[in-house]
Number of protein chains: 2
Amino acid sequence: MSNKQLSKDGCSLNALSNLISELSKLPGLGERSAERLAFHILKMQGSARQSIADSIISLRDIKLCQKCFNLVGNIDEPFCDICSDDSRERSVICVVEQIEDLWRIEKTDVYKGLYHVLHGVISPLDGKGPEDITLEQLINRVKSCSPKEIILSTNPTVEGDNTALYIQKELKKPFIENGLIKITRLGRGVPVGSSIEYLNKAILISALMERKESPNF
Amino acid sequence: MSNKQLSKDGCSLNALSNLISELSKLPGLGERSAERLAFHILKMQGSARQSIADSIISLRDIKLCQKCFNLVGNIDEPFCDICSDDSRERSVICVVEQIEDLWRIEKTDVYKGLYHVLHGVISPLDGKGPEDITLEQLINRVKSCSPKEIILSTNPTVEGDNTALYIQKELKKPFIENGLIKITRLGRGVPVGSSIEYLNKAILISALMERKESPNF
């Protein structure tokens, strides 16, 4: 009995099969894990199930910050919590591909500047050009607020690197006009806590190329 | 910025934080994977998001078969697709812990008999006794339909084994009265496709104890 057979003519089984098929479309969930999750949700209290459904539905109310394109905390405000926070260092902008990246960096509790979320990368193979990301908005922002530093924190992938390079070129003009101090990139090399034995060639090559003089003791 | 901070005062961020916290309660999903899923759902089309929510909500319409406690295909019917299927071997009942187990066995396409879903196991440590599973219903069913074989397919765990033993004892009376032929258990031993090198002691001990004479060629 396949899922298809299980659900034939069945309203109630259909509900479960539908959920399994919906869940198995999500990243990292195969059919087996989708099944496991669906059965778990099936066994939950009705109210717990409803609250998952509600939280999915209420995602439609989400809004992006007009300045940095992060998620806005209070939908009545035009700007996000970070852009509205006066204690943040306003002269540094960290440019990231996605909101997830912003969250990850925020969780380090080390960076205290502002952000700019590109919402994608330039990737000609996927038909994504500079107009598909928030690059124009970044340039306008740099022109108007003249930050001291822009940290290009795109992913260390071909697309991420190319996007960073493109942004750097585009920023050159407002950069010079406004007396920006620097455009930086995240350091790259061997990830802290890893074993060299298991790292791939590309990581090791970049770590060798980016090697630094050891501090004197 | 923790998730908590992220969501302070925020209606829209609250939605995302809620979803992450709901998802991270599901089995096999840690906070990181819950975040990844939530962001993926956030980026989906509104209609796709709605259809996940709908399929979760419609699980409330699910109904169990009055005979075997499997899910009922059509909620207007009292019995499930398997119990209503005349081509199934009606003299064999496979007793499983959960509906998931039934699905897994059905997918082998080898078993053609009926089922009985216990919806749990006897587990005194968790405060679960015989009255918490569908044992009484199984006994009544055996009394009334006198099957030829009952396959006790509980999990090969302490609780599963104890439950099977308990059921076997309870069934003895209707078993003898009704001229049942046999009560069987699933074969146990080394799982097909595994490497002996990686199997644990308990599996190897059971495989040694359940060893069979090699067929002659």
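Residues numbered from 1 in each chain as written. Chains lettered and ligands numbered in written order. Predicted model: local features only at pLDDT ≥ 70, side-chain atom pairs only at ≥ 80, totals over all residues. Heavy atoms only, no water.

Caption draft 1: Molecular detail of the packing of aromatic side chains. All names here are of chain A. Evaluated as defined, the whole model comprises four aromatic pairs over all chains. The interplanar angle of 70° and the centroid separation of 5.1 Å between the aromatic rings of Y111 and Y115 together place this pair among those described as edge-to-face. Take Y111: its relative accessible area is 13%, and that puts it in the buried class. We classify Y115 as buried; its relative accessible area is 1%. Over the ring of F79 we find K67, and its NZ or CZ is 4.8 Å from the ring centre. (Phe/Tyr/Trp six-rings, centres within 6.5 Å; stacked < 30°, edge-to-face > 60°. Buried < 20%, exposed > 50% of the residue type's maximum accessible area, 1.4 Å probe, protein only. Lys NZ or Arg CZ within 6 Å of the ring centre and 35° of its normal.)

Caption draft 2: A look at helix α5 (residues 99-106) of chain A. Counting buried residues in α5 of chain A gives seven out of eight residues, a clear majority hidden from the surface. I99, E100, D101, L102, W103, I105 and E106 of chain A are the residues of α5 of chain A that are buried. (Helix = DSSP H or I, 4+ residues; strand = E, 2+ residues; numbered from the N terminus.)

Caption draft 3: Spotlight on the packing of helix α3 (residues 31-43) of chain A against helix α5 (residues 99-106) of chain B. Contact geometry of α3 of chain A with α5 of chain B gives a least axis separation of 11 Å together with a crossing angle of 150°. When the axes of α3 of chain A and α5 of chain B are compared, the crossing they make is right-handed. When α3 of chain A is examined against α5 of chain B, the residues R32, E35, F39 and K43 of chain A are found in contact with a partner set consisting of I99, E100, W103 and R104 of chain B. (Axes fitted to C-alpha atoms, helices over the stretch in contact; angles between N-to-C directions. Left-handed = near helix turned anticlockwise from the far one by under 90°. Contact = heavy atoms within 4.5 Å.)

Caption draft 4: Region of interest: the sheet that holds strand β3 (residues 149-153) of chain B. All names here are of chain B. Across the sheet, which stays open at both edges, the four strands sit in the order β2-β1-β3-β4 with parallel pairing between neighbours. Each edge of the open sheet carries a strand with a single partner, namely β2 (114-117) and β4 (182-185). The average undirected angle you get between the axes of adjacent strands in this sheet is 25°. The pairing of strand β1 (residues 92-96) with β3 spans five bridges and is classified as parallel. (Pairing = 2+ DSSP bridges.)

Caption draft 5: Spatial organisation of the relation of the copies chain A and chain B. Mapping chain A onto chain B calls for a rotation angle of 180° and an axial translation of 0.0 Å; the resulting RMSD is 0.0 Å. What the rotation and shift describe, once combined, is the action of a two-fold rotation axis. Using C-alpha coordinates, one finds that chain A approaches the rotation axis most closely at A53 of chain A, a distance of 2.3 Å. Residue by residue, 100% of the interface of chain A is reproduced at the interface of chain B, so both copies engage with the same surface. (Least-squares fit on C-alpha atoms with pLDDT ≥ 70 in both.)

Caption draft 6: Representation of the confidence of the model for chain A. All names here are of chain A. Of all residues in chain A, 90% have pLDDT values of 70 or greater, and the mean over the chain is 85. Within chain A, no element has a lower average pLDDT than helix α1 (residues 3-7), which sits at 41, and none a higher one than strand β2 (residues 113-117), at 96. Segment residues 1-11 is flagged for pLDDT under 50; beyond a separation of four residues in sequence, or across chains, it makes 27 contacts in the model. Scoring of the predicted complex yields 0.72 for pTM and 0.74 for ipTM. (pLDDT = per-residue confidence, 0-100.)

Caption draft 7: Representation of the side chain of S206 of chain B. Along the polypeptide, S206 of chain B turns up in helix α8 (residues 201-209). You can call S206 of chain B buried: its relative accessible area is 18%.

Caption draft 8: Up close: the pattern of salt bridges. Throughout the structure, instances matching the rule amount to 18 salt bridges over all chains. In this structure, the salt-bridge partner of E100 of chain A is K43 of chain B, at a minimum N-O distance of 2.7 Å. Linking E100 of chain A in helix α5 with K43 of chain B in helix α3 (residues 31-43), this pair reaches from one chain into another. The exposure class of K43 of chain B is partly exposed, given its relative accessible area of 48%. The salt bridge involving D161 of chain B is made with R185 of chain B; its shortest N-O contact spans 3.2 Å. In this pair, D161 of chain B sits in helix α7 (residues 158-177) while R185 of chain B sits in strand β4, placing the two residues 24 residues apart along the sequence. You can call R185 of chain B partly exposed: its relative accessible area is 33%. Beyond isolated ion pairs, a larger network of salt bridges with shared partners links E31 and E35 of chain A together with R104 and K107 of chain B. (Salt bridge = Lys/Arg side-chain N within 4 Å of Asp/Glu carboxyl O.)

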